[in-house]
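Survey of secondary and tertiary structure
Chain by chain, the residues:
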Amino acid sequence: MIDLQSHQDAVYVGEGVIELAGLFLLGRYAFSPTFRKKIRSREPLPRWRISAFDFALLLLVATLLAFVGTLALTAVWRAVYSTAANREGIAVIASGLGLDGCALLVWPILRTFLRQLTPELGEHPGLKPFERPLRSTVSGAMARGAAAFAVALPIVSLSSILWSMCLHWLGLPEGPQELIGIFNRTHSPLVMTGMLVVACILAPINEEVIFRRSIYHFIRDRLGRSRAVVISALIFGAVHANWYSAVPLAVFAVVLALSYEITGDIRVPIIAHALFNLNTIIGIFAGLPQ
């Protein structure tokens, strides 16, 4: 395990600085007429030209690819690495590559299939992970993503504390996701690097493309922005299948959806999501309460 526990105070200070920066940005945005205008406007996020059938097909194929990919790579893990010293971490890598890596293949596969099915349409409309040419630079997207992460952190922290109190009062399980324990028990630098790639690169890309680019965008065009934010956030919290993290993750999903809505750039929530996961992992290594 990476030794950050000896620098726990520094990590606490870093967390505090990020949360203070997030509160500052939140206050600044809340009192900004330009920001409020963007929130009220339906731009810059355009309407997504996709039928209900194509959307359902997209989710179905993505689910099948993730399921088959996870089964295949898990079978390889069981055959080759099931007795390895860091077998839990290797299993996380295998399932992550299968779940997130294979699910991303849905876009080129489905576009090719539909283009052949309806050749008169040429490049099939509505089936691109990036809906239009990106106007902002990579550095601009990174800055906006970092700002979204900073704004989300104090909100998610507060929701986590309040939700933990509610769980305790209701007598429901309060333990964090099992993945957190696996990070703590993994000691191989190579396996740890693989887990970081899955948690901070593959998972944010796949989850943002599915939940914000697809589910949120589709619901928004049919039921409106407010319902889309709430419904997609509830789905995002529920699919992680953990009482302890469901509500904080749903709150985080609200911030991610709004960041996508305001910027029109899917890279922004991807970067914010990646930073959030990285921040969580750093906290695990430093021994901070989860």
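Along every chain, residues carry numbers that run from 1 in the direction the sequence is written. Local features in this predicted model are restricted to residues of pLDDT 70 or higher, and side-chain atom pairs are both shown and tallied only at a pLDDT of 80 or more, whereas totals for entire chains, interfaces and linings draw on every residue. To obtain the side-chain values, all non-hydrogen atoms of the structure were included, while hydrogens and water were left out.

Points about the packing of helix α8 (residues 189-223) against helix α11 (residues 267-286)
Rules: Note on geometry: axes are lines fitted to C-alpha atoms, helical ones only across the stretch in contact, with angles between N-to-C directions running from 0 to 180 degrees. Put simply, DSSP marks the helices as runs of H or I at least four residues long and the strands as runs of E at least two long, and each gets a number from the N terminus on. Put simply, angles under 35 degrees are roughly parallel, angles over 145 are roughly antiparallel, angles from 65 to 115 are roughly perpendicular, and the rest are oblique. Crossing handedness is read from the near helix: turned anticlockwise from the far helix by less than a right angle, it gives a left-handed crossing, and turned clockwise, a right-handed one. Contacts are assigned to residue pairs with any non-hydrogen atoms lying within 4.5 Å of each other. Each residue gets one label: Ala, Val, Leu, Ile, Met, Phe, Trp, Tyr, Cys and Pro are nonpolar, Asp, Glu, Lys and Arg are charged, and the others, such as Gly, are polar.
At their nearest, the axes of α8 and α11 sit 8 Å apart, and the two run at 150° to each other. Between α8 and α11, the crossing angle belongs to the class labelled roughly antiparallel. For the element pair α8 and α11, the recorded crossing hand is right-handed. Packed against α8, whose contacting residues are M192, L196, A199, C200, P204, I205, E207 and E208, the element α11 presents P269, I270, H273, A274, N277, L278, I281 and F285 at the interface. Per-class residue counts for the contact of α8 with α11 are 12 nonpolar, two polar and two charged.

Observations concerning helix α9 (residues 225-239)
Rules: Helices are assigned an expected span. That span is 1.5 Å times one less than the residue count. Classification of residues uses two cut-offs on accessible area relative to the type maximum, computed with a 1.4 Å probe and protein chains only: under 20% is buried, over 50% is exposed, and between them is partly exposed. Here, the arc refers to the directions that run from the helix axis to the C-beta atoms.
Taking 1.5 Å of rise per residue, the 15 residues of α9 would be expected to cover 21 Å, and the 21 Å separating its terminal C-alpha atoms lies within 8% of that figure. For α9, the complete set of buried residues consists of R225, A228, V229, S232, A233, F236 and G237. On an axial view of α9, the arc spanned by its buried residues comes to 150°, and they lie on one face. Within α9, the exposed residues directed more than 90 degrees away from the buried face are S226, R227, L234 and A238. Where α9 ends, the next residue or the one after it, A241, has phi of about 55°, a positive value.

Here's the deal with the pattern of salt bridges
The line we're drawing: We define a salt bridge as a contact between a side-chain nitrogen of Lys or Arg and a carboxyl oxygen of Asp or Glu at a distance within 4 Å.
The tally for this structure, following the rule as stated, stands at five salt bridges. Note that R220 is salt-bridged to D221, the shortest N-O span being 3.5 Å. For D221, a relative accessible area of 9% translates into the label buried. Between R225 and E261 there is a salt bridge whose closest N-O contact spans 2.9 Å. Taken together, the residues R225 in helix α9 and E261 in helix α10 (residues 243-263) connect sequence positions 36 residues apart. Of the two residues examined, R225 and E261, each falls in the buried class. Among the charged side chains, a salt-bridge network with shared partners connects R220, D221, R225 and E261.

A closer look at the nonpolar core
Convention followed: Here, nonpolar core means buried Ala, Val, Leu, Ile, Met, Phe, Trp, Tyr and Cys residues that are tied together by side-chain atoms lying within 4.5 Å of each other.
Judged by nonpolar contacts, the single largest core of 41 residues is most densely connected at W48, L58, V106, L110 and Y216. For this core, the secondary-structure elements that each account for two or more residues are α3 (52-80), α5 (106-117), α6 (138-170), α8, α9, α10 and α11. The leading source of residues in this core is α10, at eight residues. Residues contacting L110, with those up to four places away along its chain left out, are D54, L57, L58, V61 and L127. Listed in part, the 15 residues of the second largest apolar core include V92, V191, A199 and I284.

Considerations on the packing of aromatic side chains
Applicable threshold: Only Phe, Tyr and Trp rings are paired, with Trp represented by its six-membered ring, and only when their centres lie within 6.5 Å; those with planes under 30 degrees apart are stacked, over 60 edge-to-face, the remainder tilted. When the NZ atom of lysine or the CZ atom of arginine is within 6 Å of a ring's centre and also within 35 degrees of its normal, the charge is said to sit over that ring.
Inspection of every chain in the model, using the stated rule, returns five aromatic pairs. With a centroid separation of 5.1 Å and an interplanar angle of 85°, the aromatic rings of F211 and F236 are classed as edge-to-face. In this pair, F211 sits in helix α8 while F236 sits in helix α9, placing the two residues 25 residues apart along the sequence. A relative accessible area of 8% means that F211 is categorised as buried. A relative accessible area of 1% means that F236 is categorised as buried. Taking the centre distance of 6.4 Å and the plane angle of 65° together, the rings of Y216 and Y260 count as edge-to-face. Residue Y216 is found in helix α8, and its partner Y260 is found in helix α10; the two are separated by 44 residues along the sequence. Pair check on accessibility: Y216 and Y260 agree, each one buried. The side chain of R212 reaches across the aromatic face of F236, ending 4.6 Å from its centre.

Focus: the confidence of the model for the protein chain
Under the convention used in this document: The pLDDT score gives, residue by residue, the confidence of the prediction method on a 0 to 100 scale.
Predicted confidence across the protein chain gives a mean pLDDT of 83, with 84% of residues reaching 70 or more. Predicted confidence in the protein chain is weakest over helix α2 (residues 33-40), with a mean pLDDT of 67, and strongest over α9, with 94.

Description of the environment of Y12
Note that Y12 resides in helix α1 (residues 8-30). The class of Y12 is partly exposed, set by a relative accessible area of 40%. Y12 sits 271 residues away from G283 along the chain, and the two C-alpha atoms are 8.6 Å apart.

Remarks on a nonpolar patch on the surface
The test is simple: Candidate patch residues must exceed 30% relative accessible area and have no salt bridge, after which like charges are joined if within 9 Å and Val, Leu, Ile, Met, Phe, Trp or Tyr side chains if within 5 Å. Accessible areas in this description were obtained via Shrake-Rupley with a 1.4 Å probe; residue shielding takes into account the shown protein chains only.
Residues L223, V230, I231, L234, I235 and V239 make up a contiguous nonpolar surface patch of roughly 490 Å² in combined accessible area. The leading source of residues in the nonpolar patch is α9, at five residues. Among the structural elements, I231 can be located in helix α9.

Structural notes on the environment of P108
Along the polypeptide, P108 turns up in helix α5. For P108, a relative accessible area of 46% gives the class partly exposed. Distance in space between the C-alpha atoms of P108 and P129 is 9.3 Å, their sequence separation being 21 residues.

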